[in-house]
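# Results of the structural survey
Residues per chain are reported as follows:
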Amino acid sequence: MKKLSIICLSLALIISAAAMTVQAKERKGNDMKQIEVFKNGSIPSAKGPEAWFTGPVRVDSVMPNGHESNISLGLVTFEPGSRTAWHTHSKGQLVLITSGIGLVQQEGGEIIEVHPGDAVWFPANVKHWHGASKDVGMTHYSIINLNDNNSVEWLEHVTDKEYNNK
Ligand code: MN
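As a starting point, this report considers the structure included with it. (Residues numbered from 1 in each chain as written. Predicted model: local features only at pLDDT ≥ 70, side-chain atom pairs only at ≥ 80, totals over all residues. Heavy atoms only, no water.)

We now examine the overall build of the protein chain. Each helix and strand in the protein chain was counted, giving two helices and 13 strands. By residue count, 28% of the 166 residues in the protein chain fall in the buried class. Within the protein chain, contacts between residues at least 6 apart in sequence are counted, and of these 71% link residues at least 24 apart. (Helix = DSSP H or I, 4+ residues; strand = E, 2+ residues; numbered from the N terminus. Buried < 20%, exposed > 50% of the residue type's maximum accessible area, 1.4 Å probe, protein only. Contact = heavy atoms within 4.5 Å.)

Shown next as structure tokens:
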């Protein structure tokens with residue numbers, strides 16, 4: 001009886017091993033997609049256009065445009081006092097503060113100070129701006145889902161009066 005159990009167990013192991021081999025072969029097939037590593041520094045830094053920003057702003061894209069994820073992921077660095085113009089995102093935007101001291105504001109709302117580790121969701125079509133504090137720069141990741149033609153509508157610059165209303 002014991003011998004029969006061992007034979008059955010051995011047989012089961014052989015069958016499952018064979019099944020795993022088939023699965024492994026299927027996984028290695030040419031159709032299998034590969035993980036992608038976006039190497040830091042592989043995309044040149046870009047200057048934030050003056051039409052869209054006040055003050056020096058650097059944009060470092062993390063992923064190439066047109067990636068299948070349909071996510072735009074960029075690291076945006078604002079020098080002290082630098083900020084975006086007022087704008088809206090048709091499908092919203094998530095930003096994650098990674099360094100410095102930042103400011104965010106939606107139209108009609110208070111200026112809110114944000115710090116590293118804070119994340120901010122700007123809902124679709126809510127007019128807003130984001131930028132650095134007056135004396136300390138700020139860097140944030142910008143995460144935008146590009147599905148359904150997510151677009152940015154750039155509006156007027158944030159005046160010094162608006163910026164200093166804190
Ligand atoms: Mn925005």
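Past the structure itself, the notes keep going.
For the manganese ion, the full set of protein donor atoms is His87 (NE2), His89 (NE2), Gln93 (OE1), His128 (NE2) and His130 (NE2), and the range of their distances to it is 2.1 to 2.2 Å. Between the donor residues of the manganese ion, the gaps in sequence give the motif H-x1-H-x3-Q-x34-H-x1-H. With a relative accessible area of 0%, histidine 128 lands in the buried category. For histidine 130, a relative accessible area of 3% corresponds to the buried category. (Donors = N, O, S within 2.8 Å, 3.2 Å for Na, K, Ca; no water.)

Moving on to the side chain of histidine 87. Residue placement: histidine 87 occurs in strand β6 (residues 87–89). Only 3.1 Å separates the side chain of histidine 87 from the side chain of histidine 89, close enough to count as a polar contact. Apart from residues no more than four positions distant in its own chain, histidine 87 is found in contact with Gln93, Val126, Lys127, His128, Trp129, His130, Val152, Glu153, Trp154 and Leu155. (Polar contact = N/O pair within 3.5 Å; in protein donor to acceptor, adjacent residues only side chain to side chain.)

Okay, the sheet that holds strand β12 (residues 138–145) next. Read across the sheet, six strands follow the order β1-β3-β4-β12-β7-β10 without closing on themselves; strand pairing throughout is antiparallel. Across the chains shown, the open sheet's two edge strands, defined by having one partner strand only, are β1 (46–47) and β10 (119–122). Bridge count between β1 and strand β3 (residues 57–61): two bridges; the pairing is antiparallel. Residue pairing for β3: alanine 46 is matched across the bridge by valine 59. (Pairing = 2+ DSSP bridges.)

We now examine the packing of aromatic side chains. One pass over the structure, following the stated rule, counts four aromatic pairs. Each ring, one from tryptophan 52 and one from tryptophan 154, has its centre 5.1 Å from the other, and the planes form 5°; the classification is stacked. Here the residue tryptophan 52 occupies a position in the loop between β1 and β2 (53–54), and tryptophan 154 occupies one in strand β13 (residues 152–154), the gap between them amounting to 102 residues. Three or more aromatic residues joined by ring pairs make a cluster, and in this case those are Trp52, Phe53, Phe78 and Trp154. Against the face of tyrosine 163 rests arginine 83, its NZ or CZ located 4.4 Å from the ring centre. A cation sits over an aromatic face here: lysine 127 above tryptophan 86, 5.6 Å from the ring centre. (Phe/Tyr/Trp six-rings, centres within 6.5 Å; stacked < 30°, edge-to-face > 60°. Lys NZ or Arg CZ within 6 Å of the ring centre and 35° of its normal.)

Our next topic: the environment of glutamate 79. Residue position: glutamate 79 is located in the loop between β4 (71–78) and β5 (83–84). Separated by 21 residues in the primary sequence, glutamate 79 and glycine 100 place their C-alpha atoms 9.7 Å from one another. If sequence neighbours within four positions are ignored, glutamate 79 has contacts with Pro56, Ala132 and Gly137.

In summary, the side chains of a regular strand alternate between the two faces of the sheet. Alternating positions in β10 separate cleanly, Val120 and Phe122 being buried on one face and Ala119 and Trp121 remaining unburied on the opposite face. As judged from the four bridges shared by strand β7 (residues 93–100) and β10, these two strands associate in the antiparallel manner. Note that in β10 the partner of valine 95 across the bridge is valine 120.

Let's shift gears to the pattern of salt bridges. By the definition in use, this model includes five salt bridges. Taking the shortest distance from any N to any O, the salt bridge between lysine 33 and glutamate 68 comes out at 3.0 Å. Here lysine 33, found in the loop between α1 (2–27) and β1, pairs with glutamate 68, found in the loop between β3 and β4; they are 35 residues apart in sequence, far enough to count as distant. Grouping residues by exposure puts lysine 33 and glutamate 68 together as exposed. Across the pair glutamate 107 and lysine 127 runs a salt bridge, and its minimum N-O distance is 3.3 Å. Here glutamate 107, found in the loop between β8 (102–106) and β9 (112–114), pairs with lysine 127, found in the loop between β10 and β11 (128–132); they are 20 residues apart in sequence, far enough to count as distant. For lysine 127, a relative accessible area of 17% translates into the label buried. When salt bridges that share partners are traced, they join Glu107, Lys127 and Glu156 into one network. (Salt bridge = Lys/Arg side-chain N within 4 Å of Asp/Glu carboxyl O.)

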